[in-house]
Structures are given as C-alpha cells and as structure tokens.
Amino acid sequence: MWGIDNHHRSAHIGLGLLPSARGKGYGTDVVAVLCHYGFVVRGLQRLQIETLADNAAMLRSAERNGFVREGVLRSSAWVLGEFLDEVLLGLLVQDWEPAFGTS
C-alpha cells in the first residue's frame, strides 16, 4: 500500500509475485488482505490500482475483489523501451464485500 492520503482517505495498492508463486490465487488473496487493511484498519474510503493493460493476472485479482475498471492511461508506462497502456481500477468502501470477517 502506498500513496496513503489521510485527508482524502485513499491509497494505492500493488503487488509483485515471484514466477513460482503465480497462478495459485495468492494475488487475489493479497489484494483481499490489502482491502481489509485499507478499509477496516486504516478507515479509507477508496483504494486504487494501476496495472499494465496486458497484466491479466492482476486485472483478474482486482476484479475478483470488486475493483471496477475506471479508465485507461494511454502510453503511460515506459517498459523495456516502449510505452504501454495502464488500466486504472478503483474500489470504494461502500462497494467492498469482505472476503473474510471484519472483526
């Protein structure tokens, strides 16, 4: 979790997994834990994710946790010598459905 803005009660989340840990559902679980931390522990109103448009695993993990695609940041990331699009996703506390208990 980064870019925590206490005034606007928002933050960004992101993660990286080693290749050996991919495809096992860990990404979805980590996003769920970060949502719990952001909304329950920190009292945030909004969480946001930006990921490369071709990062199907992160898009899937975010959407499984209720994130909504809000837009595309065209040619916003310089990766290996080329500009790539990023997808912007957001989740509001009132739209969040916890993956586990909030107590």
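Residues numbered from 1 in each chain as written. Predicted model: local features only at pLDDT ≥ 70, side-chain atom pairs only at ≥ 80, totals over all residues. Heavy atoms only, no water.

Re a nonpolar patch on the surface
Judged by side-chain polarity, Tyr37, Val40 and Val41 come together as a nonpolar surface patch covering roughly 240 Å² of accessible area. Locating Val41 in the fold gives a position in helix 1 (residues 26-41). (Patch = residues over 30% accessible without salt bridge, like charges linked within 9 Å, V, L, I, M, F, W, Y side chains within 5 Å. Areas by Shrake-Rupley, 256 points an atom, 1.4 Å probe, with all protein chains shown as cover. Salt bridge = Lys/Arg side-chain N within 4 Å of Asp/Glu carboxyl O. Helix = DSSP H or I, 4+ residues; strand = E, 2+ residues; numbered from the N terminus.)

Describing the environment of Glu63
Note that Glu63 resides in helix 2 (residues 56-64). Those residues in contact with Glu63 that sit more than four places away from it in its chain are Arg69 and Leu89. (Contact = heavy atoms within 4.5 Å.)

Quick word on the packing of aromatic side chains
Using the criterion set out here, one finds 2 aromatic pairs in the structure. On the numbers, 5.3 Å between centres and 45° between planes, the contact of Phe39 with Trp96 is tilted. Taken together, the residues span a long stretch of sequence, with Phe39 in helix 1 and Trp96 in the segment after strand 5 (82-92) at a distance of 57 residues. The same class applies to Phe39 as to Trp96, namely buried. (Phe/Tyr/Trp six-rings, centres within 6.5 Å; stacked < 30°, edge-to-face > 60°. Buried < 20%, exposed > 50% of the residue type's maximum accessible area, 1.4 Å probe, protein only.)

Structural notes on the pairing of strand 4 (residues 68-79)
Summarising the sheet, strand 4 and strand 5 pair through 8 bridges and their orientation is antiparallel. Following the sheet pairing, Arg69 is matched in strand 5 by Leu89. Hairpin connection from strand 4 to strand 5: 2 residues lie between these consecutive antiparallel strands, with Leu80 at a positive phi of about 50°. (Pairing = 2+ DSSP bridges.)

Digging into helix 1
Between its first and last C-alpha atoms helix 1 spans 21 Å; for 16 residues at 1.5 Å apiece the expected length is 22 Å, and the two agree. Along helix 1, the positions that sit buried rather than exposed are Gly27, Thr28, Val31, Ala32, Leu34, Cys35, His36, Gly38 and Phe39. The inward-facing, buried residues of helix 1 contact strand 3 (46-52), helix 2 and strand 5. Positive backbone phi, approximately 70°, marks Gly43, located one or two places after helix 1. (Expected span 1.5 Å × (residues − 1).)

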